[in-house]
Amino acid sequence: MKRLIAILCSLALISFSVPVFAQPLTIYSEEWAPISFTSDHQPTGLAVEIVQEIQKRINTQEPIQIVPWARGWTIMTKQPNTVLFAMTKTVDREKLFTLVGPIAAGTVNFYTLQNSQITISSLEDAKHAKAIGVYRESVEEQTLKEHGFENIATTSTPLFSAKQLLKQRIDIWCNTNLTTTSILREAGAPPDAVKSIFTLSDNLLYIAFSKGTSEEVIEQWQTTLDAMKQDGTFASIYQKWLPNENPPMWTERLGGNFQ
């Protein structure tokens, strides 16, 4: 009987000592080619391949779900053990999530139609435009709101914003240079249909982990990403999707101070 009790106690201790990092992650990204998008009903793109390589190296297989950014954002703010990528680094986002990366680097720009006469030399100039297209809960929308913009035309996807510009329903489209060409192609327009007239900010993209996600998991992803950058795998994936861009070759962890 004593031996049986000892065994049961040992099993109880084992059950309570299962590490938090054993909990599966829920992983989200968005339709934002070439960073992440759906092809033949499967997720693909630069950031997707990076995340999949991390998963392969740490032997996990949680599916990557492509959802509207606003939906992924809402879940991230409410649910632990959730991943959302690729997320632009901002001070406010570092207060909400833990960011590991960067996994891409670019700029956020104001775009107009190629024949537009609009000129922008400051953010104040842009406040006089008829309407600036951004998509919901994006860093572009959040940044413009922080600067007091009221002339924002919000859509559910960046593709809709691009189409609004092409149809002259808005004056300016605010988007990152990394995805502009792909979005225009999806909208049926050539890359030179628009022009960049002002750079709003640098754009460093990260893998974001929600509050409550295991420290061990985050550290494992960071270490694995760093190893990919060291052995050349990261640069190879980057050049496949963005052949004319230089990959960010440092790795850092930001945010996560939720006290």
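Residues numbered from 1 in each chain as written. Predicted model: local features only at pLDDT ≥ 70, side-chain atom pairs only at ≥ 80, totals over all residues. Heavy atoms only, no water.

(A) Structural context of the overall build of the protein chain. Of regular secondary structure, the protein chain possesses ten helices and eleven strands. Its C-alpha atoms put the protein chain at 90 × 35 × 30 Å along the principal axes. Each of the 259 residues in the protein chain was classed as buried or not, and the buried ones make up 49%. Partitioning the intrachain contacts of the protein chain with sequence separation of at least 6 by distance along the chain shows that 72% fall at a separation of at least 24. For the protein chain, the centre of its 22 positive side-chain charges and the centre of its 26 negative side-chain charges are spaced 6 Å apart. (Helix = DSSP H or I, 4+ residues; strand = E, 2+ residues; numbered from the N terminus. Buried < 20%, exposed > 50% of the residue type's maximum accessible area, 1.4 Å probe, protein only. Contact = heavy atoms within 4.5 Å. Lys, Arg positive; Asp, Glu negative; His and termini not counted. Charge placed at Lys NZ, Arg CZ, Asp CG, Glu CD.)

(B) View of helix H3 (residues 69–76). Along H3, the positions that sit buried rather than exposed are Trp69, Gly72, Trp73, Ile75 and Met76. The arc enclosing the buried residues of H3, seen along the axis, measures out at 165°, which places them on a common side. If you follow the buried residues of H3, they end up packed against strand S1 (26–29), strand S5 (82–88), helix H4 (91–96), strand S7 (132–135), helix H6 (139–146) and strand S10 (194–209). (Arc of directions from axis to C-beta.)

(C) Expanded view of the packing of helix H2 (residues 46–58) against helix H10 (residues 233–241). Packing of H2 against H10 brings their axes to within 9 Å, and their N-to-C directions diverge by 155°. In terms of axis orientation, H2 runs roughly antiparallel to H10. Crossing of H2 against H10: the hand is right-handed. Taken together, the residues of H10 that come into contact with H2 (itself represented by Leu46, Glu49, Ile50, Glu53 and Arg57) are Thr233, Phe234, Ile237, Tyr238, Lys240 and Trp241. Its residues assigned to classes, the contact of H2 with H10 comprises six nonpolar, one polar and four charged. (Axes fitted to C-alpha atoms, helices over the stretch in contact; angles between N-to-C directions. Parallel < 35°, antiparallel > 145°, perpendicular 65-115°, else oblique. Left-handed = near helix turned anticlockwise from the far one by under 90°. Nonpolar A, V, L, I, M, F, W, Y, C, P; charged D, E, K, R; others polar.)

(D) Region of interest: the pattern of salt bridges. Applying the stated criterion to the full structure yields six salt bridges. Across the pair Lys145 and Glu141 runs a salt bridge whose closest N-O atoms are separated by 3.3 Å. Of this pair, Lys145 and Glu141 both sit in helix H6, four residues apart, which is roughly one turn of the helix. Here the salt bridges share partners, and the residues they tie into one network are Glu53, Arg57 and Asp231. (Salt bridge = Lys/Arg side-chain N within 4 Å of Asp/Glu carboxyl O.)

Such coordinate-based values are descriptive only and should not be taken to indicate function.
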